[in-house]
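# Analysis of the macromolecular model
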Amino acid sequence: MSLSGLYILCRWLHFGALMSLAGAGIFSTLLAPARYRARLSVRFRPLINTSCWLTLLTTLLLLTAQTGLMGDGWQDTISADVWFAVLQTAFGRAWQWQCVLALLGCLLLLLPGRLRQPWLLMCAVCQLVGLAFVGHAAMLDGWMGALQRGNQIVHLLAAAFWAGGLWPVVILMREARNATWRYDAIKTMMRYSRYGHLAVALVIASGVTAARLLLGWPLVSFRLYSQLLLLKTLLVAAMVAIALFNRYWLVPRFQRSGAGAQHHFVTTTRVEVVLATLALLSVSLFATLEPA
């Protein structure tokens, strides 16, 4: 595999793992009723463990790939001089914090459940915020740069709430079949739906703002970067359509249609997960290109 291919793959997995970790933390720390949080931390444990370790692995591999790309290829990924030079760059300084936070996330898995969840959520949020200080989000200087980074922070956190919460919803739909946990599972999903409207609006608004800051007008051209950005936009639009269909068509039919509507809801939510995964892949692809 080429270094650029490794970089794209790791960036894709890194964003997905971080958003999954944040989404699970939001549900089990903020959205679930207090009495239900311990139960959710157990149900989400496989997702959280996988996300933490994958985040650490991809953080290290991204730094390695970036070192090779800034040098002369694979041979420079083991050059101490090149590593030292890369760590002195803006990317290197920001990514050192990413490495520390990713390692901390794995160590936090040793904490008891009640303490573990809020600290893991905070760790994931800090890593997402840190991503606004590398790559295209850090291209501008001055007050425009501050606006660009602030907008990217909003975009990343809102996307983590929305996309990172999709798989937990699938798990909660299974929980709702259990009479013991049905009320708490439904209440948690209702809270996610309520705040999800705001998250979706923020993703769209901040995404348009980010494109405007980087590309100006028109936002779409015939260059590959713009075409991939258009693809991401279409994927997000499809996700919005599914979310609206689920919330305003299927959910009201849960009591009337029973298991049929609930089965369709889980299926369409899984499709939304796939679309979110493809959107992250498109982001990882155009992150390696010059904005145009």
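Note that the coordinates shown come from a computational prediction; the quantities given were computed from them, not determined experimentally.

## Quick look at the overall build of the protein chain
- In terms of helices and strands, the protein chain carries 12 helices and 0 strands.
- From first element to last, N terminus to C terminus, the protein chain shows the α and β order α-α-α-α-α-α-α-α-α-α-α-α.
- Since a compact globule built from 292 residues should have a radius of gyration of about 19 Å, the 20 Å found for the protein chain is in line with a globular shape.
- Sorting the 292 residues of the protein chain into buried and exposed places 49% on the buried side.
- Pairs at least 24 residues apart make up 74% of the contacts formed inside the protein chain by residues separated by at least 6 positions.
- For the protein chain, the accessible area works out to roughly 14500 Å², and carbon and sulfur atoms hold 70% of it.
- Of the side-chain charges in the protein chain, 23 are positive and 8 negative, and the distance between the mean point of each set is 21 Å.

## Some words on the environment of Thr288
- Among the secondary structure elements, Thr288 is positioned in the segment after α12 (259-286).
- Residue Thr288 is classed as partly exposed on the basis of its relative accessible area, which comes to 38%.
- Separated by 284 residues in sequence, Thr288 and Ser4 place their C-alpha atoms 8.0 Å apart.
- For Thr288, the contacting residues outside a window of four places in its chain are Tyr7 and Ile8.

## Brief notes about the nonpolar core
- Formed by 75 residues in total, the largest nonpolar core has its most connected members in Phe27, Ile48, Trp95, Trp162 and Tyr192.
- Looking at this core element by element, the count peaks at 13 residues for helix α1 (residues 3-31).
- What Phe27 contacts, discounting residues up to four positions off in sequence, is Ala32, Leu40, Phe44, Gly165, Pro168, Val169, Leu172, Thr188 and Tyr192.
- With 7 residues, the next largest nonpolar core counts Leu215, Leu228, Val283 and Phe286 among its residues.

## A look at the pattern of salt bridges
- One pass over the structure, following the stated rule, counts 3 salt bridges.
- Between Arg35 and Asp184 there is a salt bridge whose closest N-O contact spans 3.1 Å. Of this pair, Arg35 sits in the loop between α1 and α2 (37-43) while Asp184 sits in helix α9 (residues 182-215), placing them 149 residues apart in sequence.
- When its relative accessible area of 59% is taken as the criterion, Arg35 is described as exposed.
- Taking the relative accessible area as the measure of exposure, Asp184 reaches 4% and is therefore buried.
- For Glu175, the salt bridge identified is with Arg39, shortest N-O distance 2.7 Å. One end of the pair, Glu175, is in helix α8 (residues 166-175); the other, Arg39, is in helix α2, and 136 residues separate them in sequence.
- Because the salt bridges share partners, they merge into one network encompassing Arg39, Arg43 and Glu175.

Rules used in this analysis
- Residues numbered from 1 in each chain as written.
- Predicted model: local features only at pLDDT ≥ 70, side-chain atom pairs only at ≥ 80, totals over all residues.
- Heavy atoms only, no water.
- Helix = DSSP H or I, 4+ residues; strand = E, 2+ residues; numbered from the N terminus.
- Rg over C-alpha atoms; globule rule 2.2 N^0.38 Å.
- Buried < 20%, exposed > 50% of the residue type's maximum accessible area, 1.4 Å probe, protein only.
- Contact = heavy atoms within 4.5 Å.
- Areas by Shrake-Rupley, 256 points an atom, 1.4 Å probe, with all protein chains shown as cover.
- Lys, Arg positive; Asp, Glu negative; His and termini not counted.
- Charge placed at Lys NZ, Arg CZ, Asp CG, Glu CD.
- Core = buried A, V, L, I, M, F, W, Y, C linked by side-chain atoms within 4.5 Å.
- Salt bridge = Lys/Arg side-chain N within 4 Å of Asp/Glu carboxyl O.

Read these as layout, nothing more, since geometry by itself doesn't imply function.
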